[in-house]
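Coordinate analysis (summary)
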Amino acid sequence: MAKTHQYCVAENWGKGFIEHSESRKIAFFGLPGNVWQVPAHNKDANLWINKVLGTAKTKDEAQTIVDVEVTAAQNSWDALSDEQKANSTRPADIILEE
Amino acid sequence: MATYKGIQGFAIQNVTSDPTTVGQVWYNSSNTVFKLFDGVTGNASWASGGNMGTARYGLGGAGTQTSALAFSGYNRSTPAITNVTEEYNGSSWTGGGNMATGRNRLGSAGTQTAALGFGGNSTTGTQNITEEYDGSSWTNGGNLNNGRSHLGGAGTQTAAVAFAGLAGSDNARTELYNGSAWTTSGNMGTGRSQLASAGTQTAALAIGGNGPTSTVEEFNGSSWTAGGSMPSPRGMENQGGFGTQTAAISVAGQPYTTNTNVYDGSSWTIGPNCSTPRQRMGSAGTSSGGAIFGGSQSDDGQINATEEFTGAVVATKTITTT
């Protein structure tokens, strides 16, 4: 099956990290662990990854990074008091798509 | 010679305010010029803004895209409720005066130099405390009659409205602030918490909320009426909101979405997605230029990222001879 997404790790430095001109052309989806999902086989997305000095990751590698962050968040939530839990939801697993 | 009426089948209209039908030509008698509506020349979009110094969620937000204020909130890593205030200039955040009582999930209103923070949860429980910011420091204002957290807020420092929220259970209470004291006003039709809000004291908007619900209500300064329901399925809980009652933005929210919805005073349309899914964020601005900042990612991990929204650009051109 052809890939729909590609993944990279890049730290969001703030202003200029994603420009309006880029977000109009690229569907961004930020994930825990500074993992970014952008369209595969997309010239604009490739240029953006180069701009932000992104480190390319396979879907499985990206999934591992996200899992570490989500598991930590789940453990943190599990340690909350029942009162605190009542006003929040347990972090859900995030399943990345190919 | 061909005439406009001959081509279009009707004459050029004489109007006092500009219509917004793409391709339409008219004579504006107020400006005494012929005009043309050229349609949308720039699509709405999101872009990254400067990162906050203190990552947090459940924070208050006020001001505009280029003059925003972030205050209080919660940082799970510490873990602690923070009283930190930060000021945004459109590109970077700098520290402001800290609140006297740090809170999580508080209500907010006003501008960067005249902000209002009210209610919320502190380390000692649900609060009715109000604090006023003058651009450098916070001072106490009048207390809410009904302390609560997870509430909505709109307006200015001297003309604010607080509505909904959590005080043991979801409530529908509305209170009005005059710069020194809160008084009760008409209850909402649907009690709720964890909603987004926009507008002013006399034209406020309550968007979604826990459930999640797609219910939208409009306030006129004394009573609430039903607005256009949000489209479904969309993020409708713990989302960000900014703008006015007739031009509002609702963005992201639970569960883990980047959705943007645009309200025109009667119905919602789908806008461009933001890049980072988040909930319980701060927000500021208008439908032509807004911002969201902070919030929690993966339900529980606080972030410091800012995103800036630019609304669609529509163009009305004046016709001249050369």
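If you're wondering where the values come from, they're calculated on a predicted model, not measured in any experiment.

Some words on the overall build of chain B
From N to C terminus, chain B includes 1 helix and 34 strands. For 322 residues, the compact-globule estimate of 2.2 N^0.38 gives 20 Å, and the C-alpha radius of gyration of chain B, at 21 Å, lies within 12% of that figure. Overall, chain B is about 80 × 40 × 40 Å in size when its C-alpha atoms are taken along their principal axes. The buried share of chain B, reckoned over its 322 residues, is 54%.

Quick word on helix α2 (residues 43–51) of chain A
Residue and element names in this part refer to chain A. For α2, the set of buried residues is Ala45, Trp48 and Ile49. Along the long axis of α2, the arc covered by the buried residues comes to 100°, so they all point the same way. The exposed residues of α2 that point more than 90 degrees off its buried face are Lys43 and Asn50. Those residues of α2 that are buried are in contact with β1 (5–9), α1 (20–23), β3 (35–39) and β4 (55–57). Looking one or two residues beyond α2, the residue adopting positive phi is leucine 53, at roughly 55°.

Quick word on unusual backbone geometry
In this structure, proline 212 of chain B follows glycine 211 of chain B across a cis peptide bond, with omega equal to 0°. Note on placement: proline 212 of chain B falls in the loop between β22 (203–207) and β23 (216–219).

Here we look at the sheet that holds β22 of chain B
Think of a sheet as strands paired side by side through backbone hydrogen bonds, with each pair either parallel or antiparallel. Residues and elements named next belong to chain B. Within the open sheet, the 4 strands sit side by side as β21-β22-β23-β24. Their pairing is antiparallel. If you trace the sheet from one side to the other, it starts and ends with β21 (196–200) and β24 (224–226), each paired once. Strand-to-strand, the axes of this sheet are offset by a mean angle of 20°, without reference to chain direction. Sheet topology note: the β22/β23 ladder contains 4 bridges and is antiparallel. If you follow alanine 204 over to β23, its bridge partner there is phenylalanine 219.

Some remarks on the sheet that holds strand β8 (residues 93–95) of chain B
All names here are of chain B. Here we have 4 strands laid out as an open sheet, ordered β5-β6-β7-β8, and antiparallel in their pairing. Strand pairing shows two members of the sheet lacking a second neighbour, β5 (60–64) and β8, which therefore form its edges. With direction set aside, neighbouring strand axes in the sheet form an average angle of 25°. Examined bridge by bridge, strand β7 (residues 80–88) and β8 share 3 bridges and lie antiparallel to one another.

Comments concerning the domain arrangement of chain B
Here chain B is partitioned into domain 1 (4–42) and domain 2 (47–308). Once you take the C-alpha centre of each, domain 1 of chain B and domain 2 of chain B turn out to be 39 Å apart.

Overview of helix α3 (residues 59–78) of chain A
Residues and elements named next belong to chain A. The terminal C-alpha atoms of α3, which comprises 20 residues, lie 28 Å apart, in line with the 28 Å expected from a rise of 1.5 Å per residue. The set of residues buried in α3 consists of Ala62, Val66, Glu69, Val70 and Ala73. Buried residues of α3, viewed axially, fall in a sector of 95°; they line one side. Across α3 from its buried face, at more than 90 degrees, point the exposed residues Asp60, Val68, Asn75 and Asp78.

Some details on the environment of glycine 209 of chain B
Residues and elements named next belong to chain B. Residue placement: glycine 209 occurs in the loop between β22 and β23. Separated by 44 residues in sequence, glycine 209 and glycine 165 have C-alpha atoms that sit 9.4 Å apart. Not counting the four nearest positions on each side in its chain, glycine 209 is found in contact with Ala164, Arg192, Ser193, Gln194, Leu195 and Glu237.

Comments concerning the pairing of strand β13 (residues 130–133) of chain B
All names here are of chain B. Burial of the side chains of β13 extends over both faces: Thr130 and Glu132 are buried on one face and Glu131 and Tyr133 on the other. Judged from the 4 bridges that link them, strand β10 (residues 114–118) and β13 form a sheet pairing that is antiparallel. Note on β13: the bridge partner recorded for glycine 117 is glutamate 131. For β13 and strand β14 (residues 138–140), the ladder comprises 3 bridges, and the chain directions are antiparallel. Its bridge partner being in β14, tyrosine 133 is matched across the sheet by tryptophan 138.

Quick look at the pairing of strand β27 (residues 260–263) of chain B
Residues and elements named next belong to chain B. The two faces of β27 match: Thr260 and Val262 on one face and Asn261 and Tyr263 on the other face are all buried. For strand β26 (residues 247–251) and β27, the ladder comprises 4 bridges, and the chain directions are antiparallel. When the bridges of β27 are listed, valine 251 appears paired with threonine 260. Pairing between β27 and strand β28 (residues 268–270): 3 bridges, direction antiparallel. The residue bridging valine 262 from the neighbouring strand is threonine 269, located in β28. Hairpin connection of β27 to β28: 4 residues between the antiparallel strands, including glycine 265 at a positive phi of 105°.

Brief notes about the nonpolar core
Val161, Ala206 and Ile207 of chain B are the most contacted members of the largest nonpolar core, which has 83 residues in total. Once residues within four sequence positions are removed from consideration, alanine 206 of chain B is found in contact with Gly152, Phe163, Ala164, Met188, Leu195, Ser197, Val216 and Glu217 of chain B.

So, how was this worked out
Residues numbered from 1 in each chain as written. Chains lettered and ligands numbered in written order. Predicted model: local features only at pLDDT ≥ 70, side-chain atom pairs only at ≥ 80, totals over all residues. Helix = DSSP H or I, 4+ residues; strand = E, 2+ residues; numbered from the N terminus. Rg over C-alpha atoms; globule rule 2.2 N^0.38 Å. Buried ≥ 20, exposed ≤ 12 C-beta atoms within 10 Å, placed from the backbone. Arc of directions from axis to C-beta. Contact = placed C-beta atoms within 7 Å. Pairing = 2+ DSSP bridges. Axes fitted to C-alpha atoms, helices over the stretch in contact; angles between N-to-C directions. Domains from an automatic or database assignment. Expected span 1.5 Å × (residues − 1). Core = buried A, V, L, I, M, F, W, Y, C linked by C-beta atoms within 7 Å.

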